[in-house]
Amino acid sequence: MELNQFTAQELLEKLKARQISSGEILESLYARIKETDSQVKAYVRKRPENKDIPISLNEEKGMLNGFPITVKDNICTEGLATECCSKILQGFLPPYDATVIRKIKQNGGTIFPLKANMDEFAFGSSTENSFFGPTHNPWGLDYVPGGSSGGSAAAVAASSAIWALGSDTGGSIRQPASFCGVVGLKPTYGRVSRYGLIAFASSLDQIGPITKNVRDAAILTGIISGYDPKDSTSVNLPVPDYTQSLTGEIKGLKIGIPKEYFVEGMDPEVKEIIEEAINKLKNLGGFTSQVSLPHTEYAVPVYYIIATAEASSNLARFDGVQYGYRAPSNNLIEMYKLTRAEGFGQEAKRRIILGTFALSHGYYDAYYLRALKVRTLIKQDFDRVFNDFDCIVTPTSPTSAFKIGERSQDPLKMYLSDIYTISVNLAGIPAISIPCGFTKKGLPVGLQIMAKPFNEEMLFRVAHTFEQNTEWHKLKAKL
Amino acid sequence: MKYQTVIGLEVHLQLNTKTKAFCGCSTDFGKAPNSNVCPVCLGLPGSLPVYNREALNSAIKLALAFDCQIQEHTKFDRKNYFYPDLPKNYQISQFDLPLSKNGYLDLYSQDGIKRIGITRIHLEEDAGKLIHEPGASLVDFNRTGIPLLEIVSEPDLNSPQEAFDYLTSLKNIIEYLDVSDCDMEKGSLRCDANISLRLAGAKELGVKTELKNMNSFKGVKDALTFEVARQTQLLETDEKMIQETRLWDAENGQTVSMRTKEGAKDYRYFPDPDLTVFVIDPATVAEIKARLPELPQEKMDRLIKEYGLTEYDAKILVSSKKDAKFAEDCIRDYPGKDKKEIVNWLIGPLLSEANMRNMQLHELKLERKELINLVGFVQKQEISHLSAKNVLNQLIGSSRSAGDLIREGNFAQISDTQALNGIIETVIQENEKSVNDFKSGKTNALMYLVGQVMKKSSGKANPKVVGQLISRRLTDV
């Protein structure tokens, strides 16, 4: 079997036993990229076919022994272009590593020299908003991989990455994971440092793993988590060994099924697959019961006010002054206007304008302030449920992957596809998506599990148990 | 006065912390451009701010010195606007939950005490520096992120002079706290003013004018003075006043309109999500309060009480913290019971010497014990007051002792009757008119004659003794 077909844990064991070298793993990945990436387009800024991609293995040994990881294009990697797949950050070479990158390097990991495709600045749910064009779903090349971490998810699904880092603000790890039939986790807000993650919405963003199985996600989460004094929003709590949570049983766990997540608009195939998955959890010993998260209907509007407001401010720094694209112009105002008009894509502009409006004089109280208050209500819904339940289970997305171009003309429809993932970010709780079935067209469906803050252990326990008692994680996309 | 002047001042103060407000970069002044920078203060993508605890403590210290209420919950807000000296295109500042509010500063004058309200003192970060050259503008980010405090006064000042006094007192207190260099020339203290006029007795405020670009306290006073005249004229001629910002043009002594408030900026303030809400522990505030140094007014009151100084004398001594320390040390070490002597020397001849050399008292190269010795010699009448002033002049910057200088310069006072009688005789001979004036009862004439003896003796004669001798001599005969 090709090395790129193994899981991270399997390869790490082989590395430790010196049966293989990390150089061989890299070669296998490059070979797989040659085989698949002209169709999948998971990676950006690739060199032409006849040029070798330089290999720079990590000299430090650590537990990773040079093992490579694919990184989303919005995480700063020193000396390696980080552009958020936007024209306005063209050529930006960070002079520093994000904290998660530093942690990976300290553990002996190698940063894969090609970055993963994404929706520009993480604005999107399909990776169609990338300056470099869309990524194609390995399970159906006419279909989107989901977004905004579509490149990371597609690469893992195609085995052109063993594991990858994505970022999640409203579902951008979990939704592409579900569309691509892989595992994706958004940690608790504050669990993983945001230092070096190019910000979209500061109060919602988190970096997390996208992997082939739950065990790999547990390993990677352990490596990247932890308090960072450089991030005022990171929390000083010890990081447990998450692999200890992979007990393989869930007897007696109380699982809440929120009624608001099973309403109109849900694809009937997805509904059936999810209901079967919930039954499976019952068979494995879990007690399922209906719960209510009454403020669910407000999640999408609240999110699109708060997230765009924060984004409008976070993206103000892209102005052509210090780095990135600068439009030719005759004076300061012209430089600002032209650089941003030419440098930003449509969706970026849409969100910046929305966010600016929400914060503007006369509208702040009615929109932004009100949204902050409703956010608290949404969080309280979860607090209440977690008093009595160990976890909450829902679909990750109301549908499986849609076709490329199908929703890109209808931003509102696109926004509504985030409905199951968004509340999680608003409440700051952790959540994981795992594969739980396929539609008749052969497109993956994801099951989402949520837990209370800093209880990633619960997610790994439930997810791993489900995974080990099903075969979904063993199926591979045919490319 | 037909019109009442209403002035409010906004002072921006750079704190003298070693590192910047949100990162560990040095705040050292005068370094090569863009050398004190890092991803955070450059606002590079992905960077995050972490607040400087020392800056917070300095801010609390200052707020307490003005008797402000420290807010238990405070937060940072983003002030959004585009400018090349602002790398994130927003400034981290404070909007609706400032660190402190409702304090005051008392102004002391011969008319009594006037209380000037301080609306708020809040935290923010400084921007970079733009340098314009033909064909290009350059940005230096060394200054970006230096911690600033904004001190906003209530519109309680009613004249340009009061504004000047407010700034002087403010600077004095800040100096005592040692939280800033407060040097307007170096830019560590900046001041904008808001001024309006209204009919005396009116309740509502007039149309406000914002003044900027004043580079010294005197500049502030001059700009305000010009504005009072300009606005008075406008009001008298019934011209419509518009709310605007004007720049002080020091060279031409006038204010010039910058922009009208019609296009007032919307900064879209919102809580900075990268920084959490701060809870300020009352115990920390209490601890900082306990460690507050003695402030100028307190020190003044104490000097008056302990050493019997007059208010006037005490005020001069406390006007500079380091000078106050120097003076207090001298007063304390002075062996005499009546401290008036040493105080007079400090605020009289020594202050003159300092002013002449364009220095502060404590900067003079003068050994405390030598000054005290010198004053002692005067007390013991071994040297005249006039001669002592000469010795003082030479003592500063010299490594010689007072005693040595007196001996070498032959400054010793001549009190010996025999030595003096000779000179006295000569003077009496040469000044017949004055002698007659004195005999006919004009006491001024005695002063004149003593003066002549002092002149002839190069200031060394003991004037008291001379006076007695002349007096006896002339009444006897």
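The shown structure was predicted, so the numbers you read here are calculated from the model rather than taken from an experiment.

Visitor: Where do I start with the overall build of chain A in this structure?
Guide: Regarding its fold elements, chain A presents 14 helices and eleven strands. Computed over C-alpha atoms, the radius of gyration of chain A comes to 21 Å, within 12% of the 23 Å expected from 2.2 N^0.38 for 479 residues, which places it in the range of a compact globule. By principal-axis analysis of the C-alpha atoms, chain A measures approximately 70 × 60 × 45 Å. Classification of the 479 residues of chain A by burial places 60% in the buried group.

Visitor: Is there a simple way to explain the overall build of chain B in this structure?
Guide: If you tally the helices and strands in chain B, you get 15 helices and 16 strands. The C-alpha atoms of chain B give 30 Å as radius of gyration, which overshoots the globular expectation for 477 residues (23 Å, by more than 25%). Taking all 477 residues of chain B together, 37% fall into the buried category. The contacts in chain B between residues at least 6 apart in sequence include a share of 67% that link residues at least 24 apart.

Visitor: Sorry, what's going on with helix α6 (residues 311-318) of chain B here?
Guide: One turn of an α-helix holds 3.6 residues; hence residues three or four places apart share an orientation. Among the residues of α6 of chain B, those classed as buried are Asp313, Ala314, Ile316, Leu317 and Val318 of chain B. Its buried side turned inward, α6 of chain B meets α5 (296-307), α7 (321-333) and α8 (340-356) of chain B.

Visitor: Help me understand the domain arrangement of chain B in this model?
Guide: Interface extent is often summarised as the accessible area lost during association of the parts. Here chain B is partitioned into domain 1 (3-288) and domain 2 (417-476). Relative placement of domain 1 of chain B and domain 2 of chain B: their C-alpha centres are 63 Å apart.

Visitor: Looking at this model, I keep getting lost on the interface of chain B and chain A. Mind explaining?
Guide: Contacts between the two partners involve 23 residues from chain B and, on the opposite side, 33 residues from chain A. Counted by class, the side of chain B that touches chain A contains 13 nonpolar, five polar and five charged residues.

Visitor: What am I meant to see in the sheet that holds strand β10 (residues 431-438) of chain A here?
Guide: Within a beta sheet, neighbouring strands are joined by backbone hydrogen bonds and run either parallel or antiparallel to one another. Residues and elements named next belong to chain A. As summarised here, the arrangement of the eleven strands in space is β1-β3-β2-β4-β6-β5-β10-β11-β9-β7-β8, forming an open sheet in which the pairing is mixed. Each end of this open sheet is capped by a strand with a single partner; those strands are β1 (43-44) and β8 (287-291). The sheet contact formed by β10 and strand β11 (residues 444-450) spans seven bridges and is antiparallel. Bridge pairing in β11 links Ala431 to Met450. Of the strands in this sheet, β4 (163-168), β5 (183-186), β6 (206-211) and β10 touch helix α6 (residues 214-224), which is tilted by about 150° from β6.

Visitor: Would you mind going over helix α14 (residues 456-468) of chain A with me for this structure?
Guide: Residues and elements named next belong to chain A. The end-to-end C-alpha separation of α14 is 18 Å, in line with the 18 Å expected for 13 residues at 1.5 Å each. Counting buried residues along α14, eleven of its 13 residues qualify, which places the element largely inside the surrounding structure. Taken together, the buried positions of α14 are Glu456, Met458, Leu459, Phe460, Arg461, Val462, Ala463, His464, Thr465, Phe466 and Glu467. Contacts made by the buried residues of α14 are with β5, α6, α7 (268-283), β9 (391-395), β10 and β11.

Visitor: How do you make sense of the nonpolar core when you look at a structure like this?
Guide: As a rule of thumb, nonpolar side chains are buried together in soluble globular proteins. Counting 204 residues, the largest nonpolar core has Cys391 and Ile449 of chain A together with Ala59, Ala63 and Ala193 of chain B as its most contacted members. Ranked by the residues each element gives to this core, the list is headed by helix α8 (residues 299-314) of chain A, at nine residues. Leaving out residues up to four positions away in the same chain, Ala193 of chain B has contacts with Ile7, Leu9, Ala163, Leu211, Val220, Ala223 and Leu224 of chain B. Leu309, Leu317, Leu350 and Leu392 of chain B belong to the second largest nonpolar core, which has 32 residues in total.

Visitor: How do you make sense of the packing of helix α9 (residues 368-379) of chain B against helix α10 (residues 385-395) of chain B when you look at a structure like this?
Guide: How two helices pack is summed up by the angle between their axes together with the distance between the axes. All names here are of chain B. Direction vectors running N to C along α9 and α10 enclose 165°, while the axes themselves pass 10 Å from each other. As the angle between them shows, α9 and α10 are arranged roughly antiparallel. The two elements α9 and α10 meet at a crossing, and its hand is right-handed. On α10, the residues that touch Glu370, Leu374, Phe377 and Val378 of α9 are His385, Ala388, Val391, Leu392 and Leu395. Taken together, the residues of the contact of α9 with α10 break down into seven nonpolar, one polar and one charged.

Visitor: Where do I start with the pairing of β9 of chain A in this structure?
Guide: The side chains of a regular strand alternate between the sheet's two faces. Residues and elements named next belong to chain A. For β9, the tally of buried residues reaches five of five residues, placing the bulk of the element in the interior. Where strand β7 (residues 254-258) lies against β9, two bridges are found, and the strand directions are parallel. Of the residues in β9, the one forming a bridge with Ile255 is Cys391. Bridging between β9 and β11 involves four bridges; their strand directions are antiparallel. Residue pairing in the sheet places Val393 in a bridge with Ile449 of β11.

Visitor: Where do I start with the packing of helix α1 (residues 53-65) of chain B against helix α2 (residues 160-177) of chain B in this structure?
Guide: Residue and element names in this part refer to chain B. Between α1 and α2, the shortest axis-to-axis distance is 10 Å and the interhelical angle comes to 130°. The angle between α1 and α2 places the two elements in the oblique class. Seen from above, α1 lies across α2 with right-handed handedness. Here α1 contributes Lys61, Leu62 and Ala65 to the contact with α2, which in turn contributes Ile173, Ile174 and Leu177. For the contact of α1 with α2, the class distribution of residues is five nonpolar, no polar and one charged.

Visitor: Please explain the environment of Ser28 of chain A as it appears in this structure.
Guide: All names here are of chain A. Locating Ser28 in the fold gives a position in helix α2 (residues 22-40). In this structure the C-alpha to C-alpha distance between Ser28 and Ala161, which are 133 residues apart in sequence, comes to 9.6 Å. Leave out the neighbours within four places in its chain, and Ser28 touches Glu2, Leu3 and Asn4.

Visitor: So what exactly am I meant to see when it comes to the sheet that holds strand β4 (residues 77-80) of chain B here?
Guide: Residue and element names in this part refer to chain B. Spatial strand order, β5-β4-β15: three strands in an open sheet with antiparallel pairing. Both edges of this open sheet fall to β5 (90-93) and β15 (270-271), since each of them pairs with a single strand only. Pairing analysis gives four bridges linking β4 to β5, with the strands arranged antiparallel. Counterpart to Arg78 in the pairing with β5 is Ile92.

Visitor: Can you walk me through the confidence of the model for chain B in this structure?
Guide: Low pLDDT marks regions whose predicted coordinates should not be analysed in detail. Residue and element names in this part refer to chain B. In this model, chain B carries a mean pLDDT of 90, and residues with pLDDT of at least 70 account for 98%. Of all secondary-structure elements in chain B, the lowest mean pLDDT belongs to α6, at 82, while β5 reaches the highest, 98. Here the predicted complex carries an ipTM of 0.95, next to a pTM of 0.89.

Visitor: Got a minute to help me understand unusual backbone geometry in this structure?
Guide: If a residue is not glycine, its phi is most likely negative; likewise, a peptide bond is most likely trans. All names here are of chain A. At the junction of Gly147 and Ser148, the peptide bond is cis and its omega measures out at 10° in the coordinates. Look at Arg45: it is not a glycine, yet its phi comes out positive at around 55°. Phi is positive for Phe121, close to 55°, though the residue is something other than glycine. Note on Phe121: 31 C-beta atoms within 10 Å, which makes it buried.

Visitor: How do you make sense of the environment of Pro240 of chain A when you look at a structure like this?
Guide: All names here are of chain A. With respect to the secondary-structure elements, Pro240 resides in the loop between α6 and β7. Note on Pro240: 16 C-beta atoms within 10 Å, which makes it partly exposed. Considered as a pair, Pro240 and Ile306 are 66 residues apart in the sequence and their alpha carbons are 32 Å apart.

Visitor: Would you mind going over the pairing of β10 of chain A with me for this structure?
Guide: All names here are of chain A. Counting buried residues along β10, seven of its eight residues qualify, which places the element largely inside the surrounding structure. Where β5 lies against β10, three bridges are found, and the strand directions are antiparallel. Looking at the pairing, Lys186 lines up with Ala431 of β10. Hairpin remark: β10 followed by β11, antiparallel, with five residues in the connecting loop; positive phi at Gly442, about 85°.

Visitor: So what exactly am I meant to see when it comes to the environment of Leu377 of chain A here?
Guide: Position of Leu377 of chain A relative to the elements: it lies in helix α11 (residues 365-388). As a C-alpha pair, Leu377 of chain A and Ala427 of chain A span 50 residues in sequence and 9.1 Å in three-dimensional space.

The rules behind the values
Residues numbered from 1 in each chain as written. Chains lettered and ligands numbered in written order. Predicted model: local features only at pLDDT ≥ 70, side-chain atom pairs only at ≥ 80, totals over all residues. Helix = DSSP H or I, 4+ residues; strand = E, 2+ residues; numbered from the N terminus. Rg over C-alpha atoms; globule rule 2.2 N^0.38 Å. Buried ≥ 20, exposed ≤ 12 C-beta atoms within 10 Å, placed from the backbone. Contact = placed C-beta atoms within 7 Å. Domains from an automatic or database assignment. Nonpolar A, V, L, I, M, F, W, Y, C, P; charged D, E, K, R; others polar. Pairing = 2+ DSSP bridges. Axes fitted to C-alpha atoms, helices over the stretch in contact; angles between N-to-C directions. Expected span 1.5 Å × (residues − 1). Core = buried A, V, L, I, M, F, W, Y, C linked by C-beta atoms within 7 Å. Parallel < 35°, antiparallel > 145°, perpendicular 65-115°, else oblique. Left-handed = near helix turned anticlockwise from the far one by under 90°. pLDDT = per-residue confidence, 0-100.

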